[in-house]
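Report on the structure
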Amino acid sequence: MKEKRIVFIMCIGMFLCMLDSTIMNITLPAIQNDLGTTLEQSSWMLNIYTMTIAVLAIPLTRYATMVGKNKVYIGGLLLFGLGSLLCGLSSSGTFLIFSRFVQSLGAAALIPLSLVISISALPNTKRAFALTLLGATQGLSTALGPSIGGAITELLSWHWVFYINIPLCLIGVLACLRFLNMKNEEKVKAKMDGGGLLFSTVFLFSVTLVLIKGNEWGWNSGYAWICYILSFLSFIFFIFIEKRAKSPMIDFSLFKDRLFLGSIFTASTGYLFLIGVMVLLPQFLTRFQGKSELEAAFLVTPVSAAIFLFSQFAALMVKKIGFIIPVVIGFCMMGVAYYLLSKLTVESTSQQIVTLCILLGVGFSFLIATSTIASTSNFEGELLASSQSVFSMLRSVGTVLAVAIFVGSLTAQMNTEKQEVVNYAQGVLEKSHFIQNKEELLKLTSNVIDENNEMTQEELIKSSIHSKLVNQNEEESVQEALAVKKELQNYVADVSKEAKYKMGESFGNLYRTAFPFLFLCAFLGLSLRFPFIKRRIR
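Presented here is an overview of the structure given in this document. What you are looking at is a predicted structure, and each value in this text was computed from that prediction instead of being measured.

Here's the deal with the packing of helix H11 (residues 258-278) against helix H14 (residues 324-342)
Between H11 and H14, whose axes approach to 12 Å, the crossing angle comes to 20°. When the axis of H11 is compared with that of H14, the two are roughly parallel. In this structure, H11 meets H14 at a crossing whose hand is left-handed. Where H11 abuts H14, its residues Thr266, Thr269, Gly270, Phe273, Leu274, Gly276 and Val277 lie against Val327, Phe331, Met334, Tyr338 and Leu341. Grouping the constituent residues of the contact of H11 with H14 by class yields eight nonpolar, four polar and no charged.

So this is what it looks like as structure tokens:
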């Protein structure tokens, strides 16, 4: 019974960390308005969290095996709680970025150690319970982030998005002190590999930085090439040093295990396609369908519910028939969800949104349950800790990669659609009989789309047009002035409708490009039998 309590305690840390990886996505506009932050600062508020986890998960897990995993876990909870408090108290963008960094230091320790401590507390025959529960917690909290963030922001304020973490952290610390062994922990007698720490940090920092900033810099820019070269050289030096180190940070025998390789590929891919929806779908609902943050939160909640409900079923299936079929089912169901997303338009109904969210959640539950179980099946002791640090690091890199790919692709799609809207507006103006200064009006239209990524800000356009264009006709007859005004209003309504439709269509085009890759992953699972050898877990 005590062992199961430990697993539930570990779920608290996992839930908090994964929740905060996505909870700010829908809260960010409120933070921007309140703190007056720049786009650059807002980007770092989101990305510093994932970047820190990716860079520090491996060294912090290694440090925990040397000084005591339970002690480091409690320290992680305290750091995460402190960071959450500082985030809620932030009065500037710069301080919020620093506070998110403090928070992410705790998360970098909590995520891998949650799995390691849980699995170590149970005998091999009961591992499936811990792995299934923690896998479901990971997926559930990641998917719940936008929903909880939207609801709290609308009902309370964005500050409470962070304050809610504090009582849970305190409960977790007290429970750890009650149930975890703090005096006689098993420790590894080794020294931290300084060279491995340095080069792994440089490598992961360079990779995540270029993924985060590549769309802004340009993938072929000088800054990007500096990151490419740094990451390549540091990776080579890391491999060279680790193979000769007495106490390496990563045991490379992990990568000889085909089951482990398959698990990290499946988890990273699954998170990539999940984050690709959870980051962008709430924005589509609020910006193009006019939903409130709370309405958008409720509409994407079925993803979380499906993950929670079906993870246990997926784990039972793995136990009965092995790893391959659940993985194939997971990729296929997410593929179907992406196919439905490719049909997304501004007229899509709430029922359609809920349906695709359920399919996405069910598919992801199969992937996360299977990959979490597979990632630990063959390991004990140091290898177990090392495997989970690598697993956490690659999952974080997959999250950063998802944002880079999907946000970058959406930006490119919107730029294309924007030009089509401008061309449409030009055609409308050419048919106009009364509107003067058409070039100025066309330029204004283009600028509004640039600033808002859509042309629904009718009041802004009207006031700008009327002040610049209608007043120029004050000496004309009243009848002609009214005709100009009517044409301007029709122009605004017509082009606004077209812009909203075209910009909304960008989302569908993005997912239309992505969904074949999910079916390709399913096909690989069948044709190559993936690294998931058909085997059953005990």
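Looking at the packing of aromatic side chains
Scanning the entire structure with this criterion turns up 14 aromatic pairs. Relative to Phe98, the ring of Phe95 lies with its centre 6.1 Å away and its plane at 40°, an arrangement referred to as tilted. Remark: Phe98 and Phe95 occur in helix H5 (residues 93-121); sequence separation between them is three residues, near one turn of the helix. Classification of Phe95 by relative accessible area gives partly exposed; the value is 33%. Taking the relative accessible area as the measure of exposure, Phe98 reaches 46% and is therefore partly exposed. For the pair Trp225 and Tyr228, a centre-to-centre distance of 5.3 Å together with 85° between the ring planes defines the contact as edge-to-face. A residue pair is termed a helical-turn pair when its members lie 3 or 4 positions apart in one helix, as Trp225 and Tyr228 do in helix H10 (residues 222-242) at three residues. For Tyr228, a relative accessible area of 27% puts it in the partly exposed group.

Things to note about helix H2 (residues 28-35)
Where H2 is concerned, the buried positions are Leu28, Ile31 and Leu35. Down the axis of H2, the buried side of the element spans an arc of 60°, and every buried residue falls inside it. Positive phi appears at Gly36, one or two residues downstream of H2, with a value of about 65°.

Observations regarding the pattern of salt bridges
As enumerated under the stated definition, the model contains one salt bridge in all. Across the pair Arg100 and Asp20 runs a salt bridge, and its minimum N-O distance is 4.0 Å. In this pair, Arg100 sits in helix H5 while Asp20 sits in the loop between helix H1 (2-19) and H2, placing the two residues 80 residues apart along the sequence. Summarising the burial analysis for this pair, Arg100 and Asp20 share the class buried.

Each value, and the rule that gives it
- Residues numbered from 1 in each chain as written.
- Predicted model: local features only at pLDDT ≥ 70, side-chain atom pairs only at ≥ 80, totals over all residues.
- Heavy atoms only, no water.
- Axes fitted to C-alpha atoms, helices over the stretch in contact; angles between N-to-C directions.
- Helix = DSSP H or I, 4+ residues; strand = E, 2+ residues; numbered from the N terminus.
- Parallel < 35°, antiparallel > 145°, perpendicular 65-115°, else oblique.
- Left-handed = near helix turned anticlockwise from the far one by under 90°.
- Contact = heavy atoms within 4.5 Å.
- Nonpolar A, V, L, I, M, F, W, Y, C, P; charged D, E, K, R; others polar.
- Phe/Tyr/Trp six-rings, centres within 6.5 Å; stacked < 30°, edge-to-face > 60°.
- Buried < 20%, exposed > 50% of the residue type's maximum accessible area, 1.4 Å probe, protein only.
- Arc of directions from axis to C-beta.
- Salt bridge = Lys/Arg side-chain N within 4 Å of Asp/Glu carboxyl O.

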